[in-house]
Amino acid sequence: MNCRPTQLAPFAVLCNLSSTEAVKSFIAILLCLQCLLTARPLQADDTKRPNVLFILTDDQRWDALGLAGNKYLKTPNIDRLGQEGVYFRNSFCTTALCSPSRASILSGLYAHAHGVVNNFTEYPAGFKSFPMVLQASGYETAYIGKWHMGENNDEPRPGFDWFVTHKGQGKYFDTEFNFHGKERKVVPGYYTHVVTDMAEDWLKKDHSGKPWCLMIGHKAPHSFYFPEEKYAKVFDSVRVPYPESAFMLDDKPDWIRQRLNTWHGIYGPLFEWRKKFPDDSPEAVKDFEAMTRAYWGTLLSVDDSVGRLYELLKQRGELDNTIIVFMSDNGLLNGEHGMVDKRTAHEPSMRIVQVVRFPKLTPVDSPKVIDQQVLTVDVAPSLLELCNAPALDKIHGRSWVSLVREGDPSWRKSFLYHYNYEKQFPYTPNVRCVRGDTWKYSHSPHGDGSPDRHKAELYNIEFDPEERHNLIDNPKYADVVKTMQQELARVMNEVGLPPETDKMPLDEGVKSELPDAKIR
C-alpha cells in the first residue's frame, strides 16, 4: 500500500487505535472487501445480471417456422433469434397439452409431479417456479397474456409483480383482460398486437435499475384460427393436401381410425372450419386447406410481434443483455395419421419450437444448432443458471447451458412422454412413451392395471421420421420392443413414476360427441 500511517490518523482517532493498528485494520478491511467482491456469482465484466424476455406460443408445431424449413410460412424475426443464438432442433414437450406443459416450463417437473395433468388445474400454490426464484433474487417480473392454468381464474399469480391475463383461451379479437386483479376491461384489437403493446409499455417503465423478467403468453396459433385482416389471404394460393400418412393406417392402433370423424379427426368439424361433418369426400380437403392457411396466418402476426420487441430492446440498449427465449408449449397434429389437435406421442404433437438468443450463451456471430433432445422441463434450470439465481430443488429438467457452450457427452439419449385420458376430450387414450434418438415406443394402458386394449406403436424415427410404418407386429423387431419396454420403465423410474404406482384415469374409449363449447 502507498498510504502513509498519518493519512489514517482520523481512523485511528475514531477507533482509538494507534496508526500502526489502523493500517493493519484498514488492510484487513480491504481484504474482506476483495473477498466479498470476488465471491459474487458474476465476474467483473458480468456484473449486470441479464434480463429475460420469454415468448410462449400456443400449439405451434416444430415446423411452423421458417428456420425449420417451412416452404410457405416465413418467420424472419423469429428466425433471426436462432440465427444470432441457439436453435434447438429437437425440442420436445413432456405432455402435449397446454396447462401441463406450461406448468412443466415453470417448474422443471413432469406433470405427475406438479399435478397439473389437465387444462382445468391451477399451478399448485406450494410449488416454486423460475419466475418466483428470479423475483426473490431481485428481478422485477411480469406476465402478460394467456396463462391458462385454472380455466376460469384470471387473478394474479405468485412470482409476478405485474400480471395481466384473462379467463380461459381468450379471443383473437377484443379479449377481456384482468389487470393485476384490480380492473377487468375489454381491450379492442387483435390479441397478438394487444399483448405486444402491453409488453412494450411495461418494458418502457422505470425498473429502478433492477434486472427484469417478462413472460408473454400468445394465444396464437391456438384454434380457432383467425388471422388479422392483412394476413387473412396470404396463403390462398397454396394447396394443402392431407398428409400421406393419413391414408397409411392399416398398421396403426384402432383408436386412430376411430378418431377420424371426431373433433380431433380430419373428417370432423376441424375446429368449426367444416360446417357439415363428418365428410370424407375428396372435395372436403378444401376445409382442411382453409384451416391450415389460417393457422399459418396467425403466426405471421406473432413474427411481427417478435420483430417489434427485438427493435425496442435494441433501441433501449438492452438487446445483448437480454436472454430472449421463443418457444411453443406443445406441437400440433395437422392431418398426420388422420388426426388434428395434439395429446398423442406422435412427432408433430410432442415436438416444439425453441430458439434462444443471448450473446453470453453463444456469440451472435457464432450461432449454434443443437440436435440433442431438450425438453420443456429443461427451461427453468437453464434460465436460472444463466441468471446466476438459485437452482430449483429436486426437479426433472437439466440445464442445457453447458450443452450449448461446450457440449455434454452425458446428455440424455431418451426421455419419457406421457398423457392421461380426458373425459372432456375423449379422443386420445392414456399414453406412455419413450423416445430415443433412433427408436420410439408407445403404448396405452387401460388405467385399471389390466392388459392393454390398444395396439402399441414402434417407430424407427431415424429412418422413418414421419412414423409411417408401425413395426410393433414385425417379429424382426421383437428384441427392439423388449429393449424399448425396458427403457420406458427406466425413464419412468428416473422421474419418480414407476410403472407399478403409475395412476391414470380409466380409458373410456373414443367418443363421437363434441366437447363443451366453453372449453374448446
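This is a predicted model, so every value here is computed, not measured.

*Asks:* How do you make sense of the state of the cysteines when you look at a structure like this?
*Replies:* A covalent bond between the sulfur atoms of two cysteines is what we call a disulfide. All told, the structure shown has zero disulfides when counted by the stated rule. Cys-387 supplies the cysteine sulfur nearest to Cys-213, a cysteine that is in no disulfide, at a spacing of 7.3 Å. A residue is classified by how much of its surface remains accessible, and Cys-213, at 0% relative accessible area, is buried. Residue classification places Cys-387 among the buried residues on the basis of a relative accessible area of 1%.

*Asks:* What am I meant to see in the nonpolar core here?
*Replies:* Across soluble globular proteins, nonpolar side chains have a tendency to be buried as a group. The biggest cluster of nonpolar side chains holds 74 residues, and the ones touching the most others in it are Phe-54, Phe-130, Trp-400, Tyr-417 and Leu-458. Per-element accounting of this core gives the leading share, six residues, to helix 13 (residues 478-494). Filtering out sequence-adjacent residues up to four positions away, Leu-458 remains in contact with Trp-439, Lys-440, Tyr-441, His-469, Asn-470, Leu-471, Ile-472, Tyr-477, Val-480, Val-481 and Met-484. One finds Val-164, Phe-177, Leu-309 and Leu-333 within the second-largest nonpolar core, a separate group that totals 71 residues.

*Asks:* Looking at this structure, I do not really get the packing of aromatic side chains. What am I missing?
*Replies:* In this description, an aromatic ring pair is defined by two values, namely the gap between the centres and the angle between the planes. As enumerated under the stated definition, the model contains 26 aromatic pairs in all. Both rings, one in Tyr-143 and one in Phe-160, keep their centres 5.7 Å apart while their planes meet at 75°; by these two values the pair is edge-to-face. Of the two residues, Tyr-143 sits in strand 4 (residues 140-145) while Phe-160 sits in the loop between strand 4 and strand 5 (162-165), which places them 17 residues apart along the sequence. The class of Phe-160 is buried, set by a relative accessible area of 10%. An angle of 20° between the planes, with centres 5.9 Å apart, marks the rings of Tyr-172 and Tyr-190 as stacked. Note that Tyr-172 is positioned in the loop between strand 5 and strand 6 (173-179) and Tyr-190 in strand 7 (residues 183-190), a separation of 18 residues in sequence. By the burial criterion, Tyr-172 is buried, and Tyr-190 matches it.

*Asks:* Explain the sheet that holds strand 9 (residues 322-328) to me, please; I cannot follow it from the model alone.
*Replies:* Remark on secondary structure: sheet strands pair via backbone hydrogen bonds, oriented parallel or antiparallel. With respect to topology, ten strands assemble into an open sheet ordered 7-6-5-4-8-1-9-13-2-14, the strand pairing being mixed. Bordering the open sheet on either side are strand 7 and strand 14 (368-370), each of which pairs with just one other strand. In this sheet, neighbouring strand axes are inclined to one another by 15° on average, regardless of whether the strands run parallel or antiparallel. By the bridge criterion, seven bridges tie strand 1 (residues 51-57) to strand 9 in an arrangement that is parallel. Looking across to strand 9, one finds that Thr-57 is bridged to Ser-328.

*Asks:* What exactly am I supposed to notice about the sheet that holds strand 15 (residues 374-375) here?
*Replies:* The strand order across the open sheet built from three strands is 12-3-15, with neighbouring strands paired in mixed fashion. What marks the edges here is a single partner per strand, and that holds for strand 12 (351-352) and strand 15. Pairing of strand 3 (residues 91-92) with strand 12 involves two bridges; the strand directions are antiparallel. Paired with Ser-91 across the strands is Ile-352, a residue of strand 12.

*Asks:* Explanation requested: the environment of Asn-430 in the structure shown.
*Replies:* Positionally, Asn-430 belongs in the loop between strand 16 (414-419) and strand 17 (431-436). Asn-430 sits 13 residues away from His-443 along the chain, and the two C-alpha atoms are 8.1 Å apart. Within the structure, Asn-430 has its side chain in polar contact with the backbone oxygen of Pro-445 (distance 3.1 Å).

*Asks:* Help me understand unusual backbone geometry, please; the structure alone is not making it clear to me.
*Replies:* Among all residues except glycine, the phi angle is most often negative; among peptide bonds, the trans geometry is most common. Here the residue pair Ala-220 and Pro-221 is connected by a cis peptide bond, since its omega of -5° sits within 30 degrees of zero. Inspection of the secondary structure assignment puts Pro-221 in the loop between strand 8 (212-217) and helix 8 (254-258). Following Phe-277, the chain continues to Pro-278 via a peptide bond in cis, the omega torsion being 0°. If you trace the backbone, Pro-278 turns up in the loop between helix 8 and helix 9 (285-315). The phi angle at Ser-208 is positive, at roughly 55°, despite the residue not being glycine. By secondary structure assignment, the location of Ser-208 is in the loop between helix 7 (191-203) and strand 8.

*Asks:* Looking at this structure, how should I read the pattern of salt bridges?
*Replies:* Side chains that differ in charge, positive against negative, can pair when their charged atoms come close. Tallied over the entire structure, the rule returns 40 salt bridges. Notably, a salt bridge pairs Arg-293 with Glu-289, separated by 3.5 Å at the nearest N-O pair. Taken together, the residues span about one helical turn, with Arg-293 and Glu-289 both in helix 9 at a distance of four residues. For Arg-293, a relative accessible area of 17% puts it in the buried group.

*Asks:* When you look at the side chain of Asn-70 in this model, what are you seeing that I'm missing?
*Replies:* Its place among the elements puts Asn-70 in the loop between strand 1 and helix 3 (76-83). Under the relative-accessibility criterion, Asn-70 is labelled buried at 13%. Among the polar contacts listed, one links the side chain of Asn-70 to the backbone nitrogen of Leu-73, at a separation of 2.8 Å.

*Asks:* Could you clarify how one ought to interpret the packing of helix 7 against helix 9 in this entry?
*Replies:* Each packed pair of helices is defined by two parameters, the angle between the axes and the distance between the axes. Following both chains from N to C, one finds helix 7 and helix 9 inclined at 10°, their axes separated by 10 Å at the closest point. As the angle between them shows, helix 7 and helix 9 are arranged roughly parallel. Listed contacts from helix 9 to Thr-192, His-193, Thr-196, Asp-197, Ala-199, Glu-200 and Leu-203 of helix 7 are Ser-301, Val-302, Ser-305, Arg-308, Leu-309, Leu-312 and Leu-313. Considered class by class, the residues forming the contact of helix 7 with helix 9 number six nonpolar, five polar and three charged.

Rules and cut-offs
- Residues numbered from 1 in each chain as written.
- Predicted model: local features only at pLDDT ≥ 70, side-chain atom pairs only at ≥ 80, totals over all residues.
- Heavy atoms only, no water.
- Disulfide = S-S within 2.5 Å.
- Buried < 20%, exposed > 50% of the residue type's maximum accessible area, 1.4 Å probe, protein only.
- Core = buried A, V, L, I, M, F, W, Y, C linked by side-chain atoms within 4.5 Å.
- Helix = DSSP H or I, 4+ residues; strand = E, 2+ residues; numbered from the N terminus.
- Contact = heavy atoms within 4.5 Å.
- Phe/Tyr/Trp six-rings, centres within 6.5 Å; stacked < 30°, edge-to-face > 60°.
- Pairing = 2+ DSSP bridges.
- Axes fitted to C-alpha atoms, helices over the stretch in contact; angles between N-to-C directions.
- Polar contact = N/O pair within 3.5 Å; in protein donor to acceptor, adjacent residues only side chain to side chain.
- Salt bridge = Lys/Arg side-chain N within 4 Å of Asp/Glu carboxyl O.
- Parallel < 35°, antiparallel > 145°, perpendicular 65-115°, else oblique.
- Nonpolar A, V, L, I, M, F, W, Y, C, P; charged D, E, K, R; others polar.

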